[in-house]
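Chain by chain, the residues:
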Amino acid sequence: MVKRMLRRWRIRLGPDGRRILALHDDLEGLIFVEESAWLYRAARGQRRIVEIGSYRGKSCVLLALGSADVGGHVIAIDPHRNLGSHDRIAYGPDDHEAFLDATRRYGVADRLTKQTMTSREGREVYDGEPIDLLWIDGDHSYEGVKYDLSAWKGLVRAGGIVAVHDYSHHETVRRAWNEEITPDGRFGTRRIVRSIAWAACGLPVSK
């Protein structure tokens, strides 16, 4: 309890701390409070954000509101149907309705493109514009995470960010990250925020 209070106090003292805590407490999702703070603050100044895995909209709303300073746009990709679970959670249409409700309540629907499809389908129709922030929290299988990283990382612009959720909790996520991002010379040192792993890109978009 004391540690939880200290974590919240640190966030409260930081930029937009009160707002972040209110959003974290109100929105449904499977992320820790430090992760909510990271998403909101990492989105600041980012014009194009791609989210792989949206669940009930918590991360999407945080990203959209965090990037409001530059009118950032979030492309949220999630099939919102049960494709099989690796963490005993059944995802489906009810989550899609919760996602839509969250984005409407917080007034971010006009800066959001929701693609009800898989990551692979989303990549096939993507317009190729460089990505400022790539947030991956979709299929947690090794094959799923590896595909998401390999297929999308090349679109992250110089100075942009790639991040995955549950790096600290899922061996499959760690293995895929360590194979796709760690040896990739475009990305800098991996940093950890609770269970988020993220790295900044230092080189131009690959052709």
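Since the structure is predicted, the reported quantities are computational estimates derived from the model, not experimental observations.

1. Focus on the overall build of the protein
Along the backbone of the protein there are eight helices and seven strands. Its C-alpha atoms give the protein a radius of gyration of 16 Å, within 12% of the compact-globule value 17 Å for 207 residues. Its C-alpha atoms put the protein at 45 × 35 × 35 Å along the principal axes. Within the protein, contacts between residues separated by at least 24 positions form 71% of all contacts whose residues are at least 6 apart in sequence. Carbon together with sulfur atoms contributes 51% to the accessible area of the protein, which is approximately 10000 Å² in total. Here the protein holds 32 positive side-chain charges and 29 negative ones, and the gap between their average locations is 7 Å.

2. Comments concerning the packing of aromatic side chains
Within this structure, the stated rule accounts for three aromatic pairs. For the pair Y167 and W177, a centre-to-centre distance of 6.3 Å together with 75 degrees between the ring planes defines the contact as edge-to-face. Taken together, the residues span a long stretch of sequence, with Y167 in the loop between β5 (156–164) and α8 (171–180) and W177 in helix α8 at a distance of 10 residues. For the residue pair Y167 and W177, the accessibility class agrees, reading buried in each case. The aromatic ring of F32 is capped on one face by R194, whose charged end is 3.7 Å from the ring centroid.

3. Considerations on the nonpolar core
Generally speaking, nonpolar side chains in soluble globular proteins are found buried as a group. In terms of nonpolar packing, the biggest core is built from 33 residues, with W38 and L63 touching the most fellow members. Taken together, the elements giving at least two residues each to this core come down to α2 (17–26), α3 (33–42), α4 (58–66), β2 (73–77), α5 (93–105), β4 (131–136), β5 and β7 (196–200). Core analysis: the second largest hydrophobic core is formed by 27 residues, I131, V162, V164 and W177 among them.

4. Structural notes on unusual backbone geometry
Notably, D16 is not glycine yet its phi reads approximately 55 degrees, a positive angle. Within the fold, D16 resides in the loop between α1 (2–13) and α2. D16 gets classed as partly exposed once you look at its relative accessible area, which sits at 38%.

5. Remarks on the environment of R48
Its location among the elements puts R48 in strand β1 (residues 48–52). Residue R48 is classed as partly exposed on the basis of its relative accessible area of 22%. The contact partners of R48, leaving out residues within four places of it in the chain, are H73, I75, Y126, D127, E129, P130, I131, D132 and L133. At 2.9 Å, the side chain of R48 forms a polar contact with the side chain of D127.

6. Re the sheet that holds β2
The seven strands are arranged β3-β2-β1-β4-β5-β7-β6 in an open sheet whose pairing can be described as mixed. Each edge of the open sheet is held by one strand with a lone partner, namely β3 (112–115) and β6 (191–193). For this sheet, the mean inter-axis angle between neighbouring strands, taken without regard to orientation, is 15 degrees. The pairing of β5 with β7 spans four bridges and is classified as antiparallel. Across the sheet, residue V164 finds its bridge partner in β7, namely A197. Packing of helix α7 (residues 142–152) onto the sheet brings it into contact with β1, β2, β4 and β5, and relative to β4 it is tilted by some 175 degrees.

7. Side note on the pattern of salt bridges
By the definition in use, this model includes 14 salt bridges. Residues R56 and E28 are paired through a salt bridge, measuring 3.2 Å at the closest nitrogen-oxygen approach. Taken together, the residues R56 in the loop between β1 and α4 and E28 in the loop between α2 and α3 connect sequence positions 28 residues apart. Looking at E28, the relative accessible area reads 46%, which means it is partly exposed. One connected set of salt bridges, linked through shared partners, spans K146, K153, E179, E180 and D184.

8. Thoughts on the side chain of E35
Turning to its location among the elements, E35 is positioned in helix α3. Despite its burial, E35 pairs with no opposite charge, the nearest such side chain being R194 at 5.8 Å. Excluding residues within four positions of it along the chain, E35 makes contact with H165, V193, R194, S195 and I196.

Reading the values: rules and limits
- Residues numbered from 1 in each chain as written.
- Predicted model: local features only at pLDDT ≥ 70, side-chain atom pairs only at ≥ 80, totals over all residues.
- Heavy atoms only, no water.
- Helix = DSSP H or I, 4+ residues; strand = E, 2+ residues; numbered from the N terminus.
- Rg over C-alpha atoms; globule rule 2.2 N^0.38 Å.
- Contact = heavy atoms within 4.5 Å.
- Areas by Shrake-Rupley, 256 points an atom, 1.4 Å probe, with all protein chains shown as cover.
- Lys, Arg positive; Asp, Glu negative; His and termini not counted.
- Charge placed at Lys NZ, Arg CZ, Asp CG, Glu CD.
- Phe/Tyr/Trp six-rings, centres within 6.5 Å; stacked < 30°, edge-to-face > 60°.
- Buried < 20%, exposed > 50% of the residue type's maximum accessible area, 1.4 Å probe, protein only.
- Lys NZ or Arg CZ within 6 Å of the ring centre and 35° of its normal.
- Core = buried A, V, L, I, M, F, W, Y, C linked by side-chain atoms within 4.5 Å.
- Polar contact = N/O pair within 3.5 Å; in protein donor to acceptor, adjacent residues only side chain to side chain.
- Pairing = 2+ DSSP bridges.
- Axes fitted to C-alpha atoms, helices over the stretch in contact; angles between N-to-C directions.
- Salt bridge = Lys/Arg side-chain N within 4 Å of Asp/Glu carboxyl O.

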